[in-house]
Amino acid sequence: MNVYGADLDSLEKAARDVARELSEVSGAVDVQLQSPPGMPQINVTLRPADLQRWGIDAVEVLELIRTAYQGDVVGQAYEGNAVFNVTVILDAQARARLTQIGDLPLRTSGGAYVLLKQVADVYETSGRYQVLHRSAQRVQTVTANVSGRDLASFVSDVKRKIAKEVTLPPGAHVEFAGSAEAQAQSQRDLLVNALLAALGIVLLLSIVTGHWRNLVLVLINLPFAFVGGVFAVALTGGLLSLGSLVGFVTLFGITLRNSILMISHYEHLVMVEGRAWGLETAVEVPRIDSFRFS
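Since the structure is predicted, the reported quantities are computational estimates derived from the model, not experimental observations.

## Re unusual backbone geometry
So, point 1. At Asp30, a residue that is not glycine, the phi angle is positive and equals roughly 55°.
So, point 2. By the secondary structure assignment, Asp30 is in strand 2 (residues 28-33).

## What about the packing of helix 1 (residues 8-23) against helix 5 (residues 151-165)?
So, point 1. Relative to each other, helix 1 and helix 5 sit at 130°, their axes nearing to 10 Å. In terms of their interaxial angle, helix 1 and helix 5 are classed as oblique. When you trace helix 1 past helix 5, the crossing you get is right-handed. Along the contact surface, helix 1 presents Val18, Glu21 and Leu22, while helix 5 presents Phe154, Val158, Lys161, Ile162 and Glu165.
So, point 2. Its residues assigned to classes, the contact of helix 1 with helix 5 shows five nonpolar, no polar and three charged.

## Re the nonpolar core
In globular proteins that are soluble, nonpolar side chains generally tend to be buried together.
So, point 1. Core analysis: the biggest nonpolar cluster contains 18 residues, and Met1, Val18, Val142, Phe154, Val158 and Ile162 have the highest contact counts within it.
So, point 2. Of all the elements in the fold, those that place two or more residues in this core are helix 1, strand 2 and helix 5.
So, point 3. It is helix 1 that provides the largest number of residues to this core, a total of six residues.
So, point 4. In this structure Phe154 touches Leu22, Val25, Ser26, Gly27, Ala28, Val146 and Arg149, once residues within four positions along its chain are discounted.
So, point 5. Among the nonpolar cores identified, the runner-up in size contains 13 residues, and Ile65, Ala68, Leu104 and Leu106 belong to it.

## Some thoughts on the confidence of the model for the protein
So, point 1. Mean pLDDT over the protein: 80, with 89% of residues reaching 70 or higher.
So, point 2. Note that residues 287-294 has pLDDT below 50 and, in this model, 17 contacts with residues that lie over four places away or in other chains.

## A word on the pattern of salt bridges
So, point 1. The full count for this structure, using the stated rule, is twelve salt bridges.
So, point 2. The partner of Asp50 in a salt bridge is Arg47, with the nearest N and O atoms 2.5 Å apart.
So, point 3. A salt bridge links Glu63 to Arg66; the shortest N-O distance between them is 2.8 Å. Taken together, the residues span about one helical turn, with Glu63 and Arg66 both in helix 3 (residues 58-70) at a distance of three residues.

## Brief notes about the side chain of Thr141
So, point 1. As for its placement among the helices and strands, Thr141 is situated in strand 10 (residues 137-146).
So, point 2. Reaching out from Thr141, the side chain makes a polar contact with the side chain of Asn2 at a distance of 2.9 Å.
So, point 3. Contacts of Thr141, omitting those with residues within four sequence positions, involve Met1, Asn2, Gln32, Leu33, Gln34 and Leu132.

## With respect to the pairing of strand 5 (residues 82-88)
So, point 1. Relative to strand 5, strand 4 (residues 72-79) is paired through seven bridges, and the arrangement is antiparallel. Within the sheet, the bridge partner assigned to Val73 lies in strand 5 and is Thr87.
So, point 2. Hairpin remark: strand 4 followed by strand 5, antiparallel, with two residues in the connecting loop; positive phi at Gly80, about 70°.

## Examining a nonpolar patch on the surface
So, point 1. Nonpolar side chains collect at one region of the surface, where Trp212, Val216, Ile220, Phe224, Val227 and Phe231 lie side by side and expose about 660 Å² of accessible area between them.
So, point 2. Listing elements by their share of the nonpolar patch, those giving two or more residues are helix 7 (212-225) and helix 8 (227-235).
So, point 3. Take the nonpolar patch: its biggest share by element is four residues, from helix 7.
So, point 4. Residue position: Phe231 is located in helix 8.
So, point 5. Residue classification places Phe231 among the exposed positions, given a relative accessible area of 54%.

## Details of helix 1
So, point 1. Under the 1.5 Å per step criterion, the end-to-end length of helix 1 is 22 Å for 16 residues, consistent within 8% with the ideal 22 Å.
So, point 2. Every buried residue of helix 1 is accounted for by Leu8, Leu11, Glu12, Ala14, Ala15, Asp17, Val18, Ala19, Glu21 and Leu22.
So, point 3. Considering only its buried residues, helix 1 is in contact with strand 1 (2-5), strand 2, strand 10, helix 5 and strand 11 (173-175).
So, point 4. Its side-chain oxygen 2.9 Å from the backbone nitrogen of Ser10, Asp7 forms the N-cap of helix 1.

## Considerations on the environment of Val119
So, point 1. Within the secondary structure, Val119 is located in the loop between strand 7 (113-115) and strand 8 (120-127).
So, point 2. By relative accessible area, Val119 is classed as buried at 0%.
So, point 3. Along the primary structure Val119 and Pro48 are separated by 71 residues, whereas in three dimensions their C-alpha atoms are 7.8 Å apart.
So, point 4. Other than its neighbours up to four places away in sequence, Val119 contacts Leu46, Arg47, Asp50, Leu51, Trp54 and Leu106.

## With respect to the environment of Asn214
So, point 1. Counting through the fold element by element, Asn214 comes out in helix 7.
So, point 2. Each C-alpha atom of the pair Asn214 and Ile260 lies 8.7 Å from the other, and the pair is 46 residues apart in sequence.

Reading guide: rules and limits
Residues numbered from 1 in each chain as written. Predicted model: local features only at pLDDT ≥ 70, side-chain atom pairs only at ≥ 80, totals over all residues. Heavy atoms only, no water. Helix = DSSP H or I, 4+ residues; strand = E, 2+ residues; numbered from the N terminus. Axes fitted to C-alpha atoms, helices over the stretch in contact; angles between N-to-C directions. Parallel < 35°, antiparallel > 145°, perpendicular 65-115°, else oblique. Left-handed = near helix turned anticlockwise from the far one by under 90°. Contact = heavy atoms within 4.5 Å. Nonpolar A, V, L, I, M, F, W, Y, C, P; charged D, E, K, R; others polar. Core = buried A, V, L, I, M, F, W, Y, C linked by side-chain atoms within 4.5 Å. Buried < 20%, exposed > 50% of the residue type's maximum accessible area, 1.4 Å probe, protein only. pLDDT = per-residue confidence, 0-100. Salt bridge = Lys/Arg side-chain N within 4 Å of Asp/Glu carboxyl O. Polar contact = N/O pair within 3.5 Å; in protein donor to acceptor, adjacent residues only side chain to side chain. Pairing = 2+ DSSP bridges. Patch = residues over 30% accessible without salt bridge, like charges linked within 9 Å, V, L, I, M, F, W, Y side chains within 5 Å. Areas by Shrake-Rupley, 256 points an atom, 1.4 Å probe, with all protein chains shown as cover. Expected span 1.5 Å × (residues − 1).

Structure representation (structure tokens):
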């Protein structure tokens, strides 16, 4: 899930609260923040008064620190057609001793040498190394895996718990994404398309069957066909997944086809073969070659 907000400090606090509550929901595993709120870092703050006293330019100091610990290209070497950059950087052993950054020597305009710690404050702190954005908004992403339960009920429990336990700062909101949102969208699309298809089928059946009683017989048969599917879902834990919905739609189509063929057969027995409509005719085993509308 994504937590959107404007202020980084309040956004990170809200994301930590969301992650804490999410970890307490049954089935949640591997809960983590995609962008941790802070990482250890060395901060160098120049003192303008000392820089002015020693006659040292602040930009030159920053460039020196960057060259010492990140490296800088100062030339190129050629070997045949190959070109190699020549880079100046502190040796690995010196760069590994972060506590000695303050001992980095600086040369003044007069040729004298002073240490970095004489013109700057060097200390360890924590800071953000990455600020995530999405749709022009700052965002913190909380991820989790689900184990031992279905995704739909898990998301429902998470939404209730977050709404009850987490107080979001002004302007912040939570958005559920990933597999949960994809499955929910797929279920909504399937239900909408199924309803539209069912409406079209009912309209076509009213034309094809030719009489409202035949249409009612076809439609009444549908709920009884779903009994087995409902029992199967109940026996497997009562979880209605996307696959279950697809199965119900398939069952709906097969049942509808069989009902239409059955009504067609009964109409053939009564109207073509002259049978009397009654229990004996209704229970007669249909002949496949007579499944047609009269």
